[in-house]
Amino acid sequence: MSNFLTLCQELSQETVDAGNGPASVTNQTGQNRRFVTWVRDAWVEIQTSRDDWRWMRKSFTVNTVASDGSYAYSDCADTVTALAIARFARWYRNAFKAYLSSSGVGTEYPLTYMEWERFRRIYRYGTQTDGQPIHVSVDPTDAFVLGPKPDAVYVVSGDYQSGPQILAADADIPEMPTRFHKLVVYDAMAKYGGKNIAPEAMVRADAEGGPLRFALELNQLPALSFGGPLA
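Quick caveat, the model's predicted, so the values are computed rather than measured. (Residues numbered from 1 in each chain as written. Predicted model: local features only at pLDDT ≥ 70, side-chain atom pairs only at ≥ 80, totals over all residues. Heavy atoms only, no water.)

Caption draft 1: Region of the structure containing the overall build of the protein chain. A count of helices and strands for the protein chain gives five helices and 10 strands. Taken over the C-alpha trace, the protein chain has a radius of gyration of 23 Å; the compact-globule value for 231 residues is 17 Å, which it surpasses by more than 25%. Referenced to the eigenvectors of the C-alpha coordinate spread, the extents of the protein chain come out at roughly 70 × 55 × 35 Å. In the protein chain, buried positions account for 41% of the 231 residues. Considering only contacts within the protein chain whose residues lie at least 6 apart along the sequence, 61% involve residues at least 24 apart. If you sum the accessible surface of the protein chain, you get close to 12,500 Å²; carbon and sulfur atoms cover 52% of it. The positive charge centre, built from 22 side chains, and the negative charge centre, built from 26, are 2 Å apart in the protein chain. (Helix = DSSP H or I, 4+ residues; strand = E, 2+ residues; numbered from the N terminus. Rg over C-alpha atoms; globule rule 2.2 N^0.38 Å. Buried < 20%, exposed > 50% of the residue type's maximum accessible area, 1.4 Å probe, protein only. Contact = heavy atoms within 4.5 Å. Areas by Shrake-Rupley, 256 points an atom, 1.4 Å probe, with all protein chains shown as cover. Lys, Arg positive; Asp, Glu negative; His and termini not counted. Charge placed at Lys NZ, Arg CZ, Asp CG, Glu CD.)

As structure tokens, then:
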């Protein structure tokens, strides 16, 4: 397992002939500051290179308010931390479900996703009557919206993709599986090579980082599915 500081030190050891790299990720100057920046940026780029990394898929829950049909991500609690969602990228549209709080989780049912324009035509025109939500959509602000608007307290839950983790402190640990942490160093090596006109560093980053990236994708991306035979 590597933390932010050890990743920066590994980058230094992989790219220069002497020195142990930064002693901390804060208050650095010169080359050590660049090591810190390259590692931080490489980790963000890995996370944002795909929108379906498994380690970034998380679950949420929220209790609705009667007559309120719109919920921002900050209204919802992550089910692991029990804290309001702070890092958000997108909702998993087909994972929403709900139950009437007073009836208990045994009555839980799936919410059917509807594209926003159709949802708006049905549920956001004219006078509407509150009721049991059966449809869900995502509006242009990335809030999820319920139709009809709830007539009582419902417990809505589902999955969301978290936004990127920004490494800031020495002990911060990348959230992906630990066996792939070295990929952050390889991607940062490529940045070092580009800055310092060091093609050998870029070749090593590709040769050694490529197989690790492939293994990460096999492990952390959804399995491919194939349609049935053509008629």
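Anyway, onward from the coordinates.
Caption draft 2: Representation of the sheet that holds strand β9 (residues 144-147). Judged by pairing direction, the sheet is mixed, and its four strands sit side by side in the order β2-β9-β8-β7 without closing on themselves. Each edge of the open sheet carries a strand with a single partner, namely β2 (70-71) and β7 (112-113). Strand contacts of helix α3 (residues 116-123): β8 (135-138) and β9, with the helix running at about 125° to β8, the strand carrying the most contacts. (Pairing = 2+ DSSP bridges. Axes fitted to C-alpha atoms, helices over the stretch in contact; angles between N-to-C directions.)

Caption draft 3: Up close: unusual backbone geometry. Following Gly 147, the chain continues into Pro 148 via a peptide bond in cis, with omega recorded as -5°. Following the sequence through the fold, Pro 148 ends up in the loop between β9 and β10 (154-161). In this structure, Asn 27 takes a positive phi of about 60° despite not being glycine. Mapped onto the elements, Asn 27 comes out in the loop between α1 (4-15) and α2 (30-48). Given a relative accessible area of 78%, Asn 27 falls into the exposed group. Although it is not a glycine, Ser 67 sits at a positive phi angle of roughly 75°. Tracing the backbone shows Ser 67 in the loop between β1 (57-63) and β2.

Caption draft 4: Region of the structure containing empty space enclosed by the protein. If you walk through the whole model with that rule in mind, you get one cavity of 30 Å³ or more. Taken as a whole, the largest cavity spans an internal volume of roughly 40 Å³. Class assignment of the residues belonging to the lining of the largest cavity gives a composition of two nonpolar, two polar and three charged. (1 Å grid on protein atoms, 1.4 Å probe; cavity = no way out; pocket = protein on both sides within 12 Å on 5 of 7 lines; lining within 4 Å. Points joined across faces, edges and corners; volume = space filled by probe spheres on them. Nonpolar A, V, L, I, M, F, W, Y, C, P; charged D, E, K, R; others polar.)

Caption draft 5: Seen up close, α2. Here α2 contains 19 residues, and its C-alpha end-to-end distance of 27 Å stays within 8% of the 27 Å for a straight helix at 1.5 Å per residue. Among the residues of α2, those classed as buried are Phe 35, Val 36, Trp 38, Val 39, Ala 42, Trp 43, Ile 46 and Gln 47. Buried residues in α2, looked at end-on, bunch into an arc of 165°, giving them a common side. Counted as exposed and oriented over 90 degrees from the buried face of α2: Arg 33 and Thr 48. (Expected span 1.5 Å × (residues − 1). Arc of directions from axis to C-beta.)

Geometry only, nothing functional implied.
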